[in-house]
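Chain and residue survey
What follows is each chain in one-letter form.
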Amino acid sequence: MEKNHQPEKSSSFNEGDDDEKNSCADNTLQAAESPKCSNEEKSAAVEITEVEMEKPEEMKTGKTEIEEIEKPEEKEKEGGELGEPTPPPEIKYTLETASEDIERFLSNLSTPTEEEVEAGLEIPEFIEKYLDLVEEKITKHESLDTKVKGCQLPEDDASFLKAVDQISKMYKNLSAVFKLDSNQGPLINRIGRIQQGAMSNLEDEFRSLLEEPRFVEPEQKQEVADQCPIPGQDQSAESNEESNLPGHSQEVLANLNKIAKEMISGGHESECCEVYMITRRNVMEETLNKLGFEKISIDEVQKMQLEALEREIPPWIKAFKQCANVYFSAERKLAETIFSDYPSLSGSLFSNLTRGMFIQLLNFAEAVAISKRSTEKLFKFLDMYETLRDSLSAIESVFPEECAKELRAETTTARSRIGETAICIFCDLENSIKSDTGKTPVPGGAVHPLTRYTMNYLKYACDEYKDTLEQVFKEHSKIERADSTSRPRNYEGDSENYNNDEENHSPFSGQLMRIMDLLDSILETKSKLYKDVSLSCIFMMNNGRYMLQKIKGSAEIHQAMGDTWCRKRSSYLRNYHRNYQRETWTKLLGCLSNEGLNVNGKVVKPVLKEKFKSFNAMFDEIHKTQSSWVVYDKQLQSELRVSISAVVIPAYRSFLGRFSGYLDSGRQTEKYIKFQPDDIETYIDELFDGNPASMARRKT
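These numbers were taken from a predicted model, which means no experiment stands behind them.

Reading the values: the criteria
Residues numbered from 1 in each chain as written. Predicted model: local features only at pLDDT ≥ 70, side-chain atom pairs only at ≥ 80, totals over all residues. Heavy atoms only, no water. Helix = DSSP H or I, 4+ residues; strand = E, 2+ residues; numbered from the N terminus. Buried < 20%, exposed > 50% of the residue type's maximum accessible area, 1.4 Å probe, protein only. Core = buried A, V, L, I, M, F, W, Y, C linked by side-chain atoms within 4.5 Å. Contact = heavy atoms within 4.5 Å. Phe/Tyr/Trp six-rings, centres within 6.5 Å; stacked < 30°, edge-to-face > 60°. Salt bridge = Lys/Arg side-chain N within 4 Å of Asp/Glu carboxyl O. Axes fitted to C-alpha atoms, helices over the stretch in contact; angles between N-to-C directions. Parallel < 35°, antiparallel > 145°, perpendicular 65-115°, else oblique. Left-handed = near helix turned anticlockwise from the far one by under 90°. Expected span 1.5 Å × (residues − 1). Bend = angle between axes of the 7 residues up to and from the residue. Patch = residues over 30% accessible without salt bridge, like charges linked within 9 Å, V, L, I, M, F, W, Y side chains within 5 Å. Areas by Shrake-Rupley, 256 points an atom, 1.4 Å probe, with all protein chains shown as cover. Lys, Arg positive; Asp, Glu negative; His and termini not counted. Charge placed at Lys NZ, Arg CZ, Asp CG, Glu CD.

With that settled, the discussion passes to unusual backbone geometry. Phi is positive for Phe688, close to 70°, though the residue is something other than glycine. Residue placement: Phe688 occurs in the loop between helix H30 (677-684) and helix H31 (695-699). A residue is classified by how much of its surface remains accessible, and Phe688, at 1% relative accessible area, is buried.

So, in structure tokens, the structure goes:
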């Protein structure tokens, strides 16, 4: 007997308390009416029917549950007339019980041939009722508060998803069997509309769940937790994980996975992916905004003032590090969890989402690299360089191979541009030194502001970024333009002073020495602005000692400069010291010479008096002048005073002891011998304090 594709009627349509005879009678009637039954089968069916018709009326009623539900008043009337007891409660036809019938219907439904379709493929009556129930379910689901959907009870959520799955399968299978212009076209259209509504509902819920960690306020989260607590969930642990992206609970992730699977299997993959991409991109952009980084175009960067641009770089560094080391990894796990059944899709979504965000961050770096150069930008540039350099391994580990290869190349390019610009900025320090053409000498021979700025700049650069600067100069100075005015020279052989140095200097150390040599040359020029040669020497000692102390005080810059440079610098300082003593104190000691004092073995008193007088006047002038000079370095100040005392006091004491007796005691002695050796020592200790003082004021 050929199969007519008419599915069996659902057991949920038959009363559970009817005996087997009722069922047999129904089956016999169906067999008798079937046009394809044999004559023998028809005869048997007629006989059975006649026997059944002789039975009491109540034995012949075999109504389905759906008929009982549709005609409750008629049934009650019949029961009242016959005096029968009230029948047992009916089994309610629900979405859960109907789903079993639908499953059997879908399993029996195959794609028939055209002849079989023309022979007649009947649609069971319960399909319409099932569609009513599904529509009711969708309406109820839509009425739920969006923020409550994410923590619905699992069984309710599962029943909704199962209904959507069945609707999708039914639409797909029936669309394959029937054409839309057939008799079943309206039914297929209705199923399609229901599926579309269900998918729209899932799409909204999918979006809501994805947005949940970022857009729900703390008090709202507490409200949600109170409304639908999840059994076994550790609320404190959840709050601790709130700061982690993406920050979803396991229950929400499970629901997202189910929804994604249902939408994709239902033919709505593009809608699902679009919602995911847009929502997650918004979440990530909001996260970056909270870190202080906002999307800035290249033109906007070019127009920014230095201070404004410097304020934008730290948030960029923070955002880049967080993305490379935390957020991108979390996004990958999120995509892999939600689309666990579709690994290629999850990889594509993750790559497309994060790649765009990553390129946006790199664009900012490249925009900064081509912005107007300034020595103040160097350290921000080096921070950016280190960020790009240190993030490469994280990028390679989190992205798929092809995408990682592309982003590595993009990152390397941005890093190279930052490195080249950093070299130019560092070399521009030479131009800054050369451009200081001021003709006003620093009062008191103090440390020049240019010296302070340059040495503090170099010390900070070496203390904080020496290794990075070494790497930058080594890797990127070779590719700088040949015509660049800031191109660092190859230090080997560049300076005659260091040709015989056995140390092998790195490109950075060579550039550092060039800057030191240039600074020294500029200071030598500025020292000539002083009319007093002694003060010029003090100026060079002050600045030279400041440079040397800065270098010795930093292990990093000391290592870069080397011991040879430091020894030669110390030698220069000693030369300036000797020149100072010669210009100042040697002239003073000339007043204490024996020249012209002895004539024929006798001391010439007028000459002696003149020598004492000259010594007093010269020492008074030196004290008055040089007490206003400045030596801030206490060690250098002490060295100068000690060296002066060692030369002047013994000579004066000796001269005073030999010739003071030739002066008449009383008024002559007081007039010509104004200083005792102890007084000389006291006045010498007042030199280089930067406070002008006169001996007259001290004596009063």
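This part takes up the nonpolar core. Membership of the largest hydrophobic core comes to 163 residues, with the highest contact counts inside it found for Phe206, Trp316, Phe339, Phe364 and Tyr580. Counting residues per element, this core draws most heavily on helix H18 (residues 343-369), which supplies 14 residues. Setting aside residues no more than four positions away along its own chain, Tyr580 makes contact with Ser534, Cys537, Ile538, Met541, Trp585, Gln626, Trp629, Leu640, Ile644 and Phe688.

On to the packing of aromatic side chains, then. Enumeration over the complete set of coordinates arrives at 29 aromatic pairs. When the ring of Phe293 is compared with that of Phe364, the centres are 5.8 Å apart and the planes differ by 85°; the resulting orientation is edge-to-face. One end of the pair, Phe293, is in the loop between helix H15 (269-290) and helix H16 (298-303); the other, Phe364, is in helix H18, and 71 residues separate them in sequence. Judged by relative accessible area, Phe293 falls into the buried class, the value being 2%. By relative accessible area, Phe364 is classed as buried at 1%. Relative to Tyr460, the ring of Phe379 has its centre 4.8 Å away and its plane inclined at 80°; by these criteria the two rings are edge-to-face. With Phe379 in helix H19 (residues 378-390) and Tyr460 in helix H22 (residues 449-476), this pair connects stretches of sequence that are 81 residues apart. For Phe379, a relative accessible area of 15% gives the class buried. Grouping aromatic residues by their ring pairs yields a cluster made of Phe293, Trp316, Phe320, Phe328, Phe350, Phe358, Phe364 and Phe399.

Should their charged atoms come close, side chains of opposite charge can pair. The full count for this structure, using the stated rule, is 21 salt bridges. In this structure, Arg415 and Glu475 form a salt bridge, with 3.6 Å as the shortest nitrogen-oxygen distance. With Arg415 in helix H21 (residues 401-434) and Glu475 in helix H22, this residue pair connects regions lying 60 residues apart in the sequence. A salt bridge links Glu583 to Lys587, with the shortest nitrogen-to-oxygen separation between them at 4.0 Å. On the criterion of helical spacing, the pair formed by Glu583 and Lys587 is a turn pair, its members being four residues apart in helix H26 (residues 563-590). Overall, the relative accessible area of 52% leaves Lys587 in the exposed class.

Before going further, it helps to examine the packing of helix H24 (residues 533-552) against helix H28 (residues 634-659). For the pair H24 and H28, the least separation of the axes is 10 Å and the interaxial angle reads 140°. By the angle class used here, H24 and H28 are oblique. The two elements H24 and H28 meet at a crossing, and its hand is right-handed. Residues Ile538, Met541, Asn542 and Arg545 of H24 form the contact with H28, whose participating residues are Gln635, Leu636, Glu639 and Leu640.

On to H22. Relative to the 40 Å expected for 28 residues at 1.5 Å per residue, H22 spans just 31 Å between its end C-alpha atoms, considerably shorter than the ideal helical length. Bending of H22 peaks at approximately 90° at the position of Tyr465.

Below, the discussion takes up a negative patch on the surface. A contiguous patch of negative charge, built from Asp678, Asp679, Glu681 and Asp685, is present on the exposed surface. When you line up the elements, Asp679 lands in helix H30. Asp679 gets classed as partly exposed once you look at its relative accessible area, which sits at 30%.

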